[in-house]
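Residue-level listing of the chains:
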Amino acid sequence: MVLLENDSFLTELTRLFQKCRSSGSVVITLKKYDGRTKPTPRKGNPDTFEPSDNKCLIRASEGKKKISTVVNTKEVIKFQMAYSNLLRAHMDGLKKKDKKSKSKKTKAT
């Protein structure tokens, strides 16, 4: 897993989307990140760790290629705008779902 800066993460994510345009998929996950690098102990004296501010960990993976970034609270608005524009630009390759007509359902019942 490669931890990137926000701007370089968005450029790498663009490359992943372009690579998977014809076939394949990109998996994106978001979770709250408190800055810990070690897991919490199960027994004994629990470590009292208080995060300084809220952060968001964003991961993207395509096959064996994995990238991630950490977004601070001060940069959330800027990152979200760039991220949403990126998603809108690359979501055009989705297949439309076939809709069943309502008349077939009424005839069956």
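The rules behind these values
- Residues numbered from 1 in each chain as written.
- Predicted model: local features only at pLDDT ≥ 70, side-chain atom pairs only at ≥ 80, totals over all residues.
- Heavy atoms only, no water.
- Helix = DSSP H or I, 4+ residues; strand = E, 2+ residues; numbered from the N terminus.
- Buried < 20%, exposed > 50% of the residue type's maximum accessible area, 1.4 Å probe, protein only.
- Contact = heavy atoms within 4.5 Å.
- Pairing = 2+ DSSP bridges.
- Salt bridge = Lys/Arg side-chain N within 4 Å of Asp/Glu carboxyl O.
- pLDDT = per-residue confidence, 0-100.
- Phe/Tyr/Trp six-rings, centres within 6.5 Å; stacked < 30°, edge-to-face > 60°.

## Side note on the environment of Ser 25
Tracing the backbone shows Ser 25 in the loop between helix H1 (6-19) and strand S2 (27-33). You can call Ser 25 partly exposed: its relative accessible area is 49%. On a C-alpha basis, the gap between Ser 25 and Ser 61 in space is 8.6 Å, while along the polypeptide they are 36 residues apart. Discounting chain neighbours no more than four positions away, the residues touching Ser 25 are Cys 20, Ser 61 and Glu 62.

## Observations concerning the side chain of Ser 68
Tracing the sequence through the fold places Ser 68 in strand S4 (residues 65-72). Judged by relative accessible area, which is 3%, Ser 68 ranks as buried. Other than its neighbours up to four places away in sequence, Ser 68 contacts Met 1, Val 2, Leu 3, Leu 4, Phe 9, Leu 57, Ile 58 and Arg 59.

## A short note on the pairing of strand S3 (residues 55-62)
Two strands pair when backbone bridges link them, and S2 and S3 are joined in this way by seven bridges, in the antiparallel orientation. Bridge pairing links Val 27 to Ser 61 in S3.

## Side note on the pattern of salt bridges
Taken as a whole, this structure holds three salt bridges when the rule is applied. With a closest N to O distance of 2.5 Å, Arg 15 and Glu 12 form a salt bridge. Taken together, the residues Arg 15 and Glu 12, both in helix H1 and three residues apart, mark about one turn of the helix. A residue is classified by how much of its surface remains accessible, and Arg 15, at 51% relative accessible area, is exposed. Under the relative-accessibility criterion, Glu 12 is labelled buried at 18%. Between Glu 62 and Lys 19 there is a salt bridge, and its shortest N-O distance comes to 3.6 Å.

## Remarks on the confidence of the model for the chain
When pLDDT is averaged across the chain, the result is 84; 83% of the residues are at 70 or more. The secondary structure element of the chain with the lowest average pLDDT is helix H3 (residues 102-108), at 60, and the one with the highest is S4, at 95.

## Details of the packing of aromatic side chains
Scanning the entire structure with this criterion turns up two aromatic pairs. Each ring, one from Phe 9 and one from Phe 79, has its centre 6.3 Å from the other, and the planes form 35°; the classification is tilted. Of this pair, Phe 9 sits in helix H1 while Phe 79 is found in helix H2 (residues 76-90), placing the two residues 70 residues apart along the sequence. Neither residue differs from the other here; Phe 9 and Phe 79 are each classed as buried. An angle of 10° between the planes, with centres 5.9 Å apart, marks the rings of Phe 79 and Tyr 83 as stacked. Taken together, the residues span about one helical turn, with Phe 79 and Tyr 83 both in helix H2 at a distance of four residues. Since its relative accessible area comes to 13%, Tyr 83 is described here as buried. One aromatic cluster is present, built from ring pairs that chain together Phe 9, Phe 79 and Tyr 83.

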